[in-house]
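Summary of structural features
Listed below, chain by chain, are the residues.
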Amino acid sequence: EAAVTQSPRNKVAVTGGKVTLSCNQTNNHNNMYWYRQDTGHGLRLIHYSYGAGSTEKGDIPDGYKASRPSQENFSLILELATPSQTSVYFCASGDPGRYAEQFFGPGTRLTVL
Amino acid sequence: QQQVRQSSQSLTVWEGETAILNCSYENSAFDYFPWYQQFPGEGPALLIAIRSVSDKKEDGRFTIFFNKREKNLSLHIKDSQPGDSATYFCAASGGYGSSGNKLIFGIGTLLSVKP
């Protein structure tokens, strides 16, 4: 059974609308991450969390908010979606520490029209 | 400026050949280098990783060669199979404080193995 799940798997949104992407993990990992993947850019870190109630800015946080209400759940929120946020978004979880493996979800394809 | 650079966005080899994927980095503080493998429609998954104290890491058909002085590394896939066709991401982490735990990914190399 998949340990990191994401919903929805596909989403079409309108410019200016609010979008919430959800992630759930059953690994009991403290750390969770949100990345976006774009051709020519690889994976870029948006926000991450060290545990319930904590969120930290990653390398490209502008236009995104994150919420970690529990150990298992981590959400990415686009308050005012823009076409430049059209991308594939991946959630990951992992133990703390520099050498810890990150376990990725299947991704959410978001299109902002 | 890309902190982790993968020199080829795509690579094609024949079945049975050794595929060589190259990666270089800028930050001398990086000390951990994982390679992630991604199949279409899936999330990336850890394939193999090396720490900077080593110059070689082997796991079955997959080997990482690491050159700290030159700040580059390569992933060798011996006896390539069509099932190895995927995108391979080189990543790095290291340095001081909480930022040292963050992974920085390259843009990925799409490997195609022709039968």
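Residues numbered from 1 in each chain as written. Chains lettered and ligands numbered in written order. Predicted model: local features only at pLDDT ≥ 70, side-chain atom pairs only at ≥ 80, totals over all residues. Heavy atoms only, no water.

1. Focus: the interface of chain A and chain B
Counting residues at the interface gives 20 residues for chain A and 25 residues for chain B. Summed over both sides, the interface between chain A and chain B buries roughly 1,900 Å², with carbon and sulfur atoms accounting for 50% of that surface. Across the contact surface, chain A and chain B share 1 salt bridge. For the salt bridge of D59 of chain A with K102 of chain B, the shortest nitrogen-to-oxygen distance reads 3.0 Å. Taken together, chain A and chain B are joined by 5 residue pairs in polar contact (both at pLDDT 80 or more). In terms of residues, the side of chain A that touches chain B owes the most to one element, strand β5 (residues 42–49) of chain A, which gives 4 residues. Partitioning the side of chain A that touches chain B into residue classes produces 9 nonpolar, 7 polar and 4 charged. (Contact = heavy atoms within 4.5 Å. Buried area = accessible area lost by both parts, 1.4 Å probe. Salt bridge = Lys/Arg side-chain N within 4 Å of Asp/Glu carboxyl O. Polar contact = N/O pair within 3.5 Å; in protein donor to acceptor, adjacent residues only side chain to side chain. Helix = DSSP H or I, 4+ residues; strand = E, 2+ residues; numbered from the N terminus. Nonpolar A, V, L, I, M, F, W, Y, C, P; charged D, E, K, R; others polar.)

2. Considering the packing of aromatic side chains
With the rule as written, the count across this model stands at 17 aromatic pairs over all chains. Seen in terms of ring centroids, Y35 of chain A and F105 of chain B are 5.5 Å apart; in terms of plane orientation they differ by 90 degrees. Their pairing is edge-to-face. You can see Y35 of chain A sitting in strand β4 (residues 31–38) and its partner F105 of chain B sitting in strand β10 (residues 104–105), one on each of two chains. For the pair Y35 of chain A and F105 of chain B, one class covers both residues: buried. A connected cluster of aromatic rings, assembled from ring pairs, spans Y33, Y35, Y48, Y50, F90 and F104 of chain A together with Y36, F89 and F105 of chain B. (Phe/Tyr/Trp six-rings, centres within 6.5 Å; stacked < 30°, edge-to-face > 60°. Buried < 20%, exposed > 50% of the residue type's maximum accessible area, 1.4 Å probe, protein only.)

3. Thoughts on the state of the cysteines
Residues and elements named next belong to chain B. The final tally for this structure, using the stated rule, is 2 disulfides over all chains. Here C23 engages in a disulfide with C90; their sulfurs sit 2.0 Å apart. Disulfide C23-C90: torsion about the S-S bond near -75 degrees, hence left-handed. Here C90 lies in strand β9 (residues 86–94) and C23 lies in strand β3 (residues 19–25), a separation of 67 residues in the sequence. The class of C23 is buried, set by a relative accessible area of 4%. Judged by its relative accessible area of 0%, C90 is buried. (Disulfide = S-S within 2.5 Å.)

4. Description of the nonpolar core
By size, the foremost hydrophobic cluster in this structure holds 25 residues, and its most contacted members are F33, W35, L73, L75, I77 and Y88 of chain B. Where this core is concerned, the elements lending two or more residues are β3, β4 (30–38), β5 (45–51), β7 (62–67), β8 (72–77), β9 and β11 (109–114) of chain B. Not counting chain neighbours up to four residues away, the residues in contact with F33 of chain B comprise Y25, I48, A49, I50, S52, I64, F66, L73, A91 and A92 of chain B. Residues M32, I46, C91 and V112 of chain A belong to the second largest nonpolar core, which totals 18 residues. (Core = buried A, V, L, I, M, F, W, Y, C linked by side-chain atoms within 4.5 Å.)

5. Some words on the sheet that holds β3 of chain B
Residues and elements named next belong to chain B. An order of β1-β3-β8-β7-β6 is seen for the 5 strands of this open sheet, with the pairing classed as antiparallel. Of all the strands in the sheet, just β1 (4–6) and β6 (56–59) have a single pairing partner and so form its edges. Pairwise comparison of adjacent strand axes, ignoring direction, gives a mean angle of 15 degrees for this sheet. (Pairing = 2+ DSSP bridges. Axes fitted to C-alpha atoms, helices over the stretch in contact; angles between N-to-C directions.)

6. Comments concerning the pattern of salt bridges
Across all of its chains, the model carries 8 salt bridges over all chains by this definition. For D38 of chain A, the salt bridge is made with R36 of chain A, and the minimal N-O distance between the two is 2.8 Å. Note on accessibility: D38 of chain A and R36 of chain A belong to one class, buried. Salt-bridge contacts for K56 of chain B lead to E58 of chain B; the nearest nitrogen and oxygen are separated by 3.9 Å. Among the residues examined, K56 of chain B registers a relative accessible area of 43% and is labelled partly exposed. Taking relative accessible area as the criterion, E58 of chain B reaches 47% and is therefore assigned partly exposed. One salt-bridge network, held together by shared partners, links R36, D38 and R44 of chain A.

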